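# Descriptive analysis of the structure
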Amino acid sequence: MFDDFLVRAMLAGVGVALAAAPLGCFVIWRRMAYFGDATAHAAVLGIALSLAFSMPIFGGVLLVSLLMAITVSSLSGRGFAMDTLLGVMAHSSLAVGLVAVSFLSGIRIDLMSYLFGDILAVGTTDLMVIWGGAFIVLGLVVWRWSGLLLSTLNADLALASGFNPKQEQLFLTVALAIVVAVAIKVVGVLLIAAMLIVPAATARSYSGTPEMMAIIAACIGAFCGLSGVQASYVFDTPTGPTIVCISALLFVISSVASRVSFFRRSL
Amino acid sequence: MLIECDNVSVHIGKRSILSQINLSVNEKEIITVLGPNGSGKTTLFKTFIGALEPSFGSIKKKPNLKIGYVPQRLYIDETLPITVTRFMNLPSRYSSDKIETALGHAGVPGLGKQQIQDLSGGQFQRVLLARALLGKPDLLLLDEATQGLDHRGSADFYRQIAHVRETLGCAVVMISHELHVVMRQTDRVICLNGHICCQGKPETVSGSPEYHSLFGLDKDSEAALYLHQNHHKHSHS
């Protein structure tokens, strides 16, 4: 069954969606929507490095994303606002990455496939990396859930209950870096942020508790992965962007629907 | 004795925030900490909850001291859906009976199923109080817990605190700007400005020259306010 490239593509999409959804909730709650973007941009530098030292793409991307994540989270709160830091880091690492790629003589890489992903080329080894990464991330999130949630609500409340908000933030950024590294093949650098945020944003209006929001976001993400692969096959469209288009469409429909029902209730 | 600061100084970077604090909190005592902005009130609390270590001096705590903490008016992002019950269950889970009792003690029974975002400022402060009460604290820390409430709302809140102290028997240390409001519910007032300027019974402190110079108050106007509070009686029937 794993021989079929469509099945592999669907499995890969679902794996990324499951890991990205709960993280996406935290990204939204903590108002760090730009963080996914920034880490994803930094990943281009990771691709260049892995090609230069001929190591697996996953390793190079993970290394650079982790560095980026740790730098940003240790610099935040020291004179610069989070969005300023992310802006500086994202654009400079993307630029350095592109310059570094141009130095690689003899190797011609298809940068487009890393920017937009190439989910249909996912092999069995890639699937194992994706699902392994997804399990690690989900494990991290479940293990740190209370501490993460409490530090997101209020750092002082977390401190008073014996959690260390800085440490929780580090767990979150490491998990984000892992998601970026495993997702780069599937949806590509530019669309990872969308996979993080759009399903979680769609889930918001149907959730009463944080847990519910994470679970609904995961279901929406998985659905988008499955239907996106099929739609791209039927309409012969690029797969990564199709997945994101479907989740954007769901977001629009659900926003309109929740507005309408709110309006009806208030009549 | 619940907590005892022995000559505690706290430096953050090269800045000295608190110096030579000698302070002890006794059981069932209500203490109000007053001080201008930047006087180290919140730093004192952070030192109490263990978020900051004293640079000099030492803090002794009663073994297994349980601290309940009510933060300054707290902003919860509206993208985060959370019910009162779920919030109260964070980080440890409690039975729904215990949660309902705590909400009752804080003066907001039956709010459990509400979304936090739908609460008024006063209700939310009381939910925070209820959450702090769940762990059966020996010591309750309130950091400007009535910021953003109107005069009446904060007076009600402090009455609730006095009631909680009587029913649950915990000590309370609170930061407040409103001495005239907390006056009647306080056993001891501490004026803080990097060091302890003066302390004592509320009547003594509000009459002391240190208190007046600390807040830049005109003595007559404060006295008038104080008298107004005490002799203001009328019926609401």
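Summarised in this report is the structure supplied together with it. Quick caveat: nothing in here was measured; it's all calculated off a predicted structure.

Bringing the overall build of chain B into the picture now. For chain B, the count of helices and strands is nine helices and nine strands. Expected size for 237 residues packed as a compact globule is a radius of gyration near 18 Å; at 18 Å, chain B falls within 12% of this value. Expressed along its principal axes, the backbone C-alpha trace of chain B runs to roughly 50 × 50 × 35 Å. A burial count over chain B gives 49% of its 237 residues as buried. Partitioning the contacts of chain B with sequence separation of at least 6, the portion at a separation of at least 24 is 69%. Summed over all atoms, the accessible surface of chain B reaches about 11400 Å², with 48% contributed by carbon and sulfur. Both charge centroids of chain B, one from 25 positive and one from 23 negative side chains, sit 5 Å from each other.

Going through the model one piece at a time under the given rule, you end up with seven aromatic pairs over all chains. When the centroid spacing of 6.4 Å and the interplanar angle of 25° are considered together, the rings of B:F45 and B:F48 count as stacked. Here B:F48 and B:F45 lie together in helix α1 (residues 41-49), a separation of three residues that amounts to about one turn. Residue classification places B:F45 among the buried residues on the basis of a relative accessible area of 1%. For B:F48, a relative accessible area of 0% gives the class buried. Site record: aromatic cluster; members linked through ring pairs are A:F26, A:W29 and A:W145. Residue placement shows A:R144 over the ring face of A:W143; its charged tip is 4.7 Å from the ring centre. One residue, B:R131, lies across the ring of B:F87, its end atom 5.5 Å from the ring centre.

This part covers the interface of chain B and chain A. Each partner contributes residues to the interface: chain B has 23 residues there, and chain A has 23 residues. Area buried by chain B at its contact with chain A is led by B:T79, B:L80 and B:P81, which between them contribute 26% of it. Across the contact surface, chain B and chain A share three salt bridges. When the shortest N-O distance is used, the salt bridge between B:R86 and A:E211 registers 2.6 Å. The interface formed by chain B and chain A contains six residue pairs in polar contact (both at pLDDT 80 or more). Those elements giving two or more residues to the side of chain B that touches chain A turn out to be α1, α2 (84-88) and α4 (121-134) of chain B. Classifying every residue of the side of chain B that touches chain A gives 14 nonpolar, four polar and five charged.

The next thing to look at is the pairing of strand β8 (residues 188-192) of chain B. Residue and element names in this part refer to chain B. By the criterion of burial, β8 is predominantly enclosed, with five of the five residues buried. Burial along β8 is two-sided: R188, I190 and L192 and V189 and C191, pointing in opposite directions, are all buried. When strand β3 (residues 30-34) meets β8, the two strands line up parallel, connected through four bridges. Bridge pairing links T32 to V189 in β8. Bridging between β8 and strand β9 (residues 196-200) involves four bridges; their strand directions are antiparallel. Its bridge partner being in β9, I190 is matched across the sheet by Q199.

Here the focus is the sheet that holds β8(B). Residue and element names in this part refer to chain B. The strand order across the open sheet formed by six strands is β5-β6-β7-β3-β8-β9, and the pairing between neighbours is mixed. Looking along the sheet, the strands with just one partner apiece sit at the ends: β5 (67-70) and β9. When the angles between neighbouring strand axes are averaged without regard to direction, this sheet yields 15°. Contacts between α1 and the sheet are confined to β3, β5, β6 (139-143), β7 (171-175) and β8, with β6 contributing the most and set at about 150° to the helix.

Our next topic: the environment of B:A102. Residue and element names in this part refer to chain B. Residue placement: A102 occurs in helix α3 (residues 96-105). Look at A102 and you get buried, because its relative accessible area is 4%. It is 8.6 Å that separates the C-alpha atoms of A102 and L129, two residues lying 27 residues apart in sequence. With sequence-adjacent residues up to four places away left out, A102 is seen in contact with M88, A130, L133 and L134.

Conventions used here
Residues numbered from 1 in each chain as written. Chains lettered and ligands numbered in written order. Predicted model: local features only at pLDDT ≥ 70, side-chain atom pairs only at ≥ 80, totals over all residues. Heavy atoms only, no water. Helix = DSSP H or I, 4+ residues; strand = E, 2+ residues; numbered from the N terminus. Rg over C-alpha atoms; globule rule 2.2 N^0.38 Å. Buried < 20%, exposed > 50% of the residue type's maximum accessible area, 1.4 Å probe, protein only. Contact = heavy atoms within 4.5 Å. Areas by Shrake-Rupley, 256 points an atom, 1.4 Å probe, with all protein chains shown as cover. Lys, Arg positive; Asp, Glu negative; His and termini not counted. Charge placed at Lys NZ, Arg CZ, Asp CG, Glu CD. Phe/Tyr/Trp six-rings, centres within 6.5 Å; stacked < 30°, edge-to-face > 60°. Lys NZ or Arg CZ within 6 Å of the ring centre and 35° of its normal. Buried area = accessible area lost by both parts, 1.4 Å probe. Salt bridge = Lys/Arg side-chain N within 4 Å of Asp/Glu carboxyl O. Polar contact = N/O pair within 3.5 Å; in protein donor to acceptor, adjacent residues only side chain to side chain. Nonpolar A, V, L, I, M, F, W, Y, C, P; charged D, E, K, R; others polar. Pairing = 2+ DSSP bridges. Axes fitted to C-alpha atoms, helices over the stretch in contact; angles between N-to-C directions.

These results come straight from atomic positions and should not be treated as a statement about function.
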